[in-house]
Amino acid sequence: MPLRFDLGPFEKLYIGKSVLTNKGNRTMFIVEGDSPILRARDVLTAERAIDAVERLYRCVQQMYLEEDDQKYQNLYRAPAAQAISEHPTCRSELANADKLIKRHQQYEELRVLKKLIRQAAFSATNAADLV
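Residues numbered from 1 in each chain as written. Predicted model: local features only at pLDDT ≥ 70, side-chain atom pairs only at ≥ 80, totals over all residues. Heavy atoms only, no water.

A. The nonpolar core, seen in detail. By size, the foremost hydrophobic cluster in this structure holds 30 residues, and its most contacted members are Leu 38, Leu 44, Leu 56, Tyr 57, Tyr 76, Leu 113 and Ile 117. Among the secondary structure elements, those contributing two or more residues to this core are α1 (52-66), α2 (69-86), α3 (91-102) and α4 (106-114). If you tally residues by element for this core, the top one is α1, at 9 residues. Once residues lying within four places of it in the same chain are set aside, the contact partners of Ile 117 are Leu 44, Val 53, Glu 54, Tyr 57 and Phe 122. (Core = buried A, V, L, I, M, F, W, Y, C linked by side-chain atoms within 4.5 Å. Buried < 20%, exposed > 50% of the residue type's maximum accessible area, 1.4 Å probe, protein only. Helix = DSSP H or I, 4+ residues; strand = E, 2+ residues; numbered from the N terminus. Contact = heavy atoms within 4.5 Å.)

Shown next as structure tokens:
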């Protein structure tokens, strides 16, 4: 099923390990295929991931975009455990997110985790590279 994206000037779209940047006027893109896609406003850079939930989001984000569960599986465990200990009131949301990761539903997990993260952590203008 094709996805339609309406990108403003200089807005970015992350497609797997690649970044599409709109350098001109507002433009509509249609993406066909089965690649992982995130808008820049949903990307969390390493510098902005300061607490355990944000580091967990960042790990899942990379797992999703790189389509590499194995590479990030061990990196996932530490921030997941730390997030539960730092945010005991969010235990049910974090448990739900953990179930999603076990089902290889990283995009859905990102949606759950984003609700637990401060909005200032996400900055479309500063989400330059994922390195």
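B. Just the environment of Phe 10, in detail. Considering the arrangement of structural elements, one finds Phe 10 in the loop between β1 (3-7) and β2 (12-15). When the C-alpha atoms of Phe 10 and Thr 45 are compared, they prove to be 18 Å apart, with 35 residues separating the residues in sequence. The contacts of Phe 10, once residues within four sequence positions are left out, are Thr 21, Asn 22 and Lys 23.

C. Just the packing of aromatic side chains, in detail. Under the defined criterion, the tally for this structure stands at 2 aromatic pairs. Considering the side-chain rings of Tyr 57 and Phe 122, the 5.2 Å spacing of their centres and the 80° angle between planes classify their relative orientation as edge-to-face. Separated by 65 residues along the polypeptide, Tyr 57 in helix α1 and Phe 122 in the segment after α4 bring together distant segments of the chain. Its guanidinium or amino end placed over the ring of Phe 122, Lys 114 lies 4.7 Å from that ring's centre, counting from NZ or CZ. (Phe/Tyr/Trp six-rings, centres within 6.5 Å; stacked < 30°, edge-to-face > 60°. Lys NZ or Arg CZ within 6 Å of the ring centre and 35° of its normal.)

Function cannot be inferred from these measures alone, as they are strictly geometric.
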